Amino acid sequence: MHPNRAADAAIVAGIPKPGRFRVDFPGLSPSERALSPWRLSWPLVVGLLLFVVLLSVEGLPLLADPDTHWHIAIGNWILETGWVPTVDSHSHTFLSQPWIAKEWLSQLLLALAYDAGGWGAVAVLCAASIGLAFALLLRLLLRDIRLLPAALFTIAAIVMTAPHLLARPHVLAFPAMLLWVAGLVRAVEQRRAPKPLLLLAMLLWANLHGGFTLGLMLCGAFALEAVIGARDWSERRHLFGEWAKFGVTAVLVACITPYGPETMLVTFRIFNLGEALGMISEWRSPNFQDLPQQELVLLIAVYFCLSRGVKLPFVRLLIVLGLLHLFLMYVRNAELLAMLAPLIIAPVLARQWPTLRPGAEPAGASLLRQRLAALGHPAGRNALALCLVLGAVYAGGLIRFAGIRPPDAILPEAALDFIHDAELKGNVFNHYGFGGFLIHAGIKTFIDGRGELYGGDFIKRYVKIVAQKDDQPLEETLDEFNIEWTLLLKNQAANAVLAHLPNWKRAYSDDTATIYIRQR
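The structure displayed is predicted, hence computed values, not measured ones.

> Is there a simple way to think about the overall build of the protein chain in this case?
Within the protein chain one finds 22 helices and 4 strands. Burial status across the protein chain gives 50% buried among its 520 residues. For the protein chain, the share of sequence-separated contacts (at least 6 apart) that also reach a separation of at least 24 residues comes to 73%. For the protein chain, the accessible surface area stands at approximately 24900 Å², while carbon and sulfur atoms represent 63% of it.

> Explain the packing of aromatic side chains to me, please; I cannot follow it from the model alone.
The description of an aromatic ring pair uses the distance of the two centres, along with the angle that the planes make with each other. Per the counting criterion, the structure on display carries 21 aromatic pairs. Ring centres 6.2 Å apart and planes at 55 degrees place the aromatic pair Phe 434 and Phe 437 in the tilted group. Ring geometry for Phe 446 against Tyr 462: centres 6.2 Å apart, planes inclined by 40 degrees, an arrangement best described as tilted. Of this pair, Phe 446 sits in the loop between helix H19 (435-440) and helix H20 (451-466) while Tyr 462 is found in helix H20, placing the two residues 16 residues apart along the sequence. Residue Phe 446 is classed as buried on the basis of its relative accessible area of 1%. Relative accessible area serves as the criterion here: at 4%, Tyr 462 is assigned to the buried category. Across the ring face of Trp 99, the terminal group of Arg 450 is positioned such that the distance to the ring centre comes to 4.8 Å.

> For this particular structure, what's the right way to read the packing of helix H10 (residues 212-228) against helix H11 (residues 233-254)?
Helix-helix packing is described using two parameters, namely the angle between the two axes and the distance between the axes. Closest axis-to-axis distance for the H10/H11 pair is 9 Å, and the angle between their directions is 175 degrees. Classified by the interaxial angle, the pair formed by H10 and H11 is roughly antiparallel. Here Phe 212, Leu 216, Cys 219, Phe 222, Ala 223, Ala 226, Val 227 and Ile 228 of H10 lie close against H11, whose contacting residues are Arg 236, Leu 239, Phe 240, Trp 243, Phe 246, Gly 247, Ala 250, Val 251 and Ala 254. When the residues that make up the contact of H10 with H11 are grouped by side-chain class, the tally is 15 nonpolar, 1 polar and 1 charged.

> What is the right way to look at the side chain of Arg 316 in this model?
By the secondary structure assignment, Arg 316 is in helix H14 (residues 314-329). Residues within four places of Arg 316 in sequence aside, it is in contact with Val 185, Val 188, Glu 189, Phe 222, Glu 225, Ile 344, Pro 347 and Val 348.

> Sorry if this is basic, but what is going on with H11 here?
Structural remark: α-helix, 3.6 residues per turn; residues separated by three or four positions point the same way. Under the 1.5 Å per step criterion, the end-to-end length of H11 is 31 Å for 22 residues, consistent within 8% with the ideal 32 Å. Three or more residues of H11 are buried, namely Glu 235, Leu 239, Trp 243, Phe 246, Gly 247, Ala 250, Val 253 and Ala 254. One side of H11 carries all its buried residues, which in axial view fall inside an arc of 120 degrees. Opposite the buried face of H11, at more than 90 degrees from it, the exposed residues are Trp 233, Arg 237, Phe 240, Lys 245, Val 248 and Leu 252. Of the surrounding secondary structure, the elements contacted by the buried residues of H11 are helix H8 (174-189), helix H9 (199-208), H10 and helix H12 (262-271).

> Looking at this structure, I do not really get the environment of Pro 407. What am I missing?
Structurally, Pro 407 is set in the loop between helix H17 (381-401) and helix H18 (413-422). Each C-alpha atom, one on Pro 407 and one on Ala 64, is 6.1 Å from the other, the two residues being 343 residues apart in sequence. Pro 407 has contacts with Gly 59, Leu 60, Leu 63 and Ala 64, leaving out every residue within four places of it along the chain.

> I keep staring at the nonpolar core and nothing clicks. Help me out?
General note: in soluble globular proteins, nonpolar side chains tend to be found buried as a group. Formed by 140 residues in total, the largest nonpolar core has its most connected members in Leu 178, Trp 180, Leu 184, Phe 222, Trp 243, Ile 344 and Phe 429. Take this core: its biggest share by element is 20 residues, from helix H5 (residues 104-141). Judged by nonpolar contacts, the second largest core, of 16 residues, contains Leu 438, Leu 487, Ile 515 and Ile 517.

> Would you mind showing me how to read the pattern of salt bridges here?
It is possible for side chains of opposite charge to pair when their charged atoms get near one another. Taken as a whole and judged by the stated rule, the model has 21 salt bridges. Across the pair Arg 316 and Glu 189 runs a salt bridge whose closest N-O atoms are separated by 2.9 Å. With Arg 316 in helix H14 and Glu 189 in helix H8, this residue pair connects regions lying 127 residues apart in the sequence. By relative accessible area, Arg 316 is classed as buried at 1%. When its relative accessible area of 25% is taken as the criterion, Glu 189 is described as partly exposed. Of the charged contacts in the structure, one is a salt bridge between Arg 405 and Glu 413, with a shortest N-O distance of 2.5 Å. You can call Arg 405 partly exposed: its relative accessible area is 34%. Given the relative accessible area of 33%, Glu 413 is considered partly exposed.

> Just checking my understanding: could you explain the confidence of the model for the protein chain for this structure?
As a general rule, the predicted coordinates of low-pLDDT regions are not to be interpreted in detail. Taken over all residues, the pLDDT of the protein chain has a mean of 88, while the share at 70 or more is 90%. Note that residues 1-34 has pLDDT below 50 and, in this model, 30 contacts with residues that lie over four places away or in other chains.

> Just to check I follow, could you spell out the packing of H8 against H9 for this structure?
Put simply, H8 and H9 touch, their axes get as near as 9 Å, and they point 145 degrees apart. Seen along the crossing, H8 lies across H9 with a hand that is left-handed. Across the interface between the two elements, Ala 176, Met 177, Leu 179 and Trp 180 of H8 pack against Leu 199, Ala 201, Met 202, Leu 204 and Trp 205 of H9. Grouping the amino acids of the contact of H8 with H9 by side-chain chemistry returns 9 nonpolar, no polar and no charged.

> What am I meant to see in the sheet that holds strand S2 (residues 483-489) here?
Consider a sheet: its strands pair through backbone hydrogen bonds, and that pairing is either parallel or antiparallel. Ordered by their spatial adjacency, 4 strands build an open sheet running S1-S2-S4-S3, and the pairing between neighbours is mixed. Only two strands of the sheet have a single neighbouring strand rather than two, namely strand S1 (427-430) and strand S3 (504-509). Strand-to-strand twist across the sheet, computed as the mean angle between neighbouring axes with direction ignored, equals 25 degrees. Pairing of S3 with strand S4 (residues 513-518) involves 5 bridges; the strand directions are antiparallel. Looking at S4, one finds that Lys 505 is bridged to Ile 517.

Analysis parameters
- Residues numbered from 1 in each chain as written.
- Predicted model: local features only at pLDDT ≥ 70, side-chain atom pairs only at ≥ 80, totals over all residues.
- Heavy atoms only, no water.
- Helix = DSSP H or I, 4+ residues; strand = E, 2+ residues; numbered from the N terminus.
- Buried < 20%, exposed > 50% of the residue type's maximum accessible area, 1.4 Å probe, protein only.
- Contact = heavy atoms within 4.5 Å.
- Areas by Shrake-Rupley, 256 points an atom, 1.4 Å probe, with all protein chains shown as cover.
- Phe/Tyr/Trp six-rings, centres within 6.5 Å; stacked < 30°, edge-to-face > 60°.
- Lys NZ or Arg CZ within 6 Å of the ring centre and 35° of its normal.
- Axes fitted to C-alpha atoms, helices over the stretch in contact; angles between N-to-C directions.
- Parallel < 35°, antiparallel > 145°, perpendicular 65-115°, else oblique.
- Nonpolar A, V, L, I, M, F, W, Y, C, P; charged D, E, K, R; others polar.
- Expected span 1.5 Å × (residues − 1).
- Arc of directions from axis to C-beta.
- Core = buried A, V, L, I, M, F, W, Y, C linked by side-chain atoms within 4.5 Å.
- Salt bridge = Lys/Arg side-chain N within 4 Å of Asp/Glu carboxyl O.
- pLDDT = per-residue confidence, 0-100.
- Left-handed = near helix turned anticlockwise from the far one by under 90°.
- Pairing = 2+ DSSP bridges.

Encoded structure:
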């Protein structure tokens, strides 16, 4: 018998080749080998646990962002009008100026959830998307590497992104983002162009969140790696043509939104805000004194790369460095580095260290270790259905009985009640962080979280005004914009000036907000 055939026959009989890793799991029952429909999987467990934890944390940080309120308001505006906005109708400073809801689909989903089940449904929707995203991340990593390194990457990603896991459009776009990048990486690894079906991920991403422009740039970068890595001129020419066709199609697909290609331009408008971006907390560089867990993850990653000699292809190294740069520039980009970098480097690690490949359990592996590795297989249909039912029951109970709402510390609810009871009218001069609450309450704002609408100059002027660093006196600014009342944080410097202005009177104050009213 031919030696190779004899070796193959030995594998079929359950006898491993000398010096090779066996991929079967001796000691498992026949039903386990056949992958029972009741089998669990690690991605399913991770996704379900994360879903439960996000909805159970005290104070519910998931809802601790004021921008969630105006996203819901925009979604309800779309539901009421049957179309998407093209001009601003929610501020008095930029009323009727051009503005688009680039994240219209996410805003629509948030509004539908809020209308159906209040804040509880919004939290459930976003927690489900986050749980799905990290389950998907682990599942995609398990295609290239074993359970332990894949799980460590996933845990690190959760730790890095935890401060930015908020009920906002970006978390609803996580699954589409992961599928897109994983598809690009898989295409490069298999020396081919991405499959056309992957364009559906771009279509969804482009309508959910403005970050899709990064996805298009990554497509170009991976196309370059594919062409550079071709084995000969003929393959290089073929790959160039196939990737070029896919890239052009991806750009066209990204334009299939209510606004066409204009959604791409919004990204550039945001970055054109310049130094005003640094005045918005999430657009600042990470402060590792406040976020030591992120620093720890980065230090561990640097140690691993230096001590183990990780070697990435040139283009892929530039991509990872680019993601690191985006995070170090803007803390809100933590999820890009934490969730995308593992997908990008996992195949390289598997090539550099074959023992990291899936199924590469050494011959002497314990039965427990083999059983744990078996959970890397996809979940069985019955187990998946049962977990979905249990998750739905848990979510329904929370929506119905838990009274979920945003944390009191960031919600000026008492101040809003006073505004309605006092029937305050006219233009308001508000704290930046209160803009979302006012829009949701139907009150036109002075400023809010839509930075691309207001522009860098207006944002810088506002920051100087409230900090009393503007050349123009506060009273002149209030007169310029016909301000009738103010809603600011209790300790903001502008309140001290208002207290000494002759025509202004403090009407309300609590631990969160202070309201002054113009006396006529």
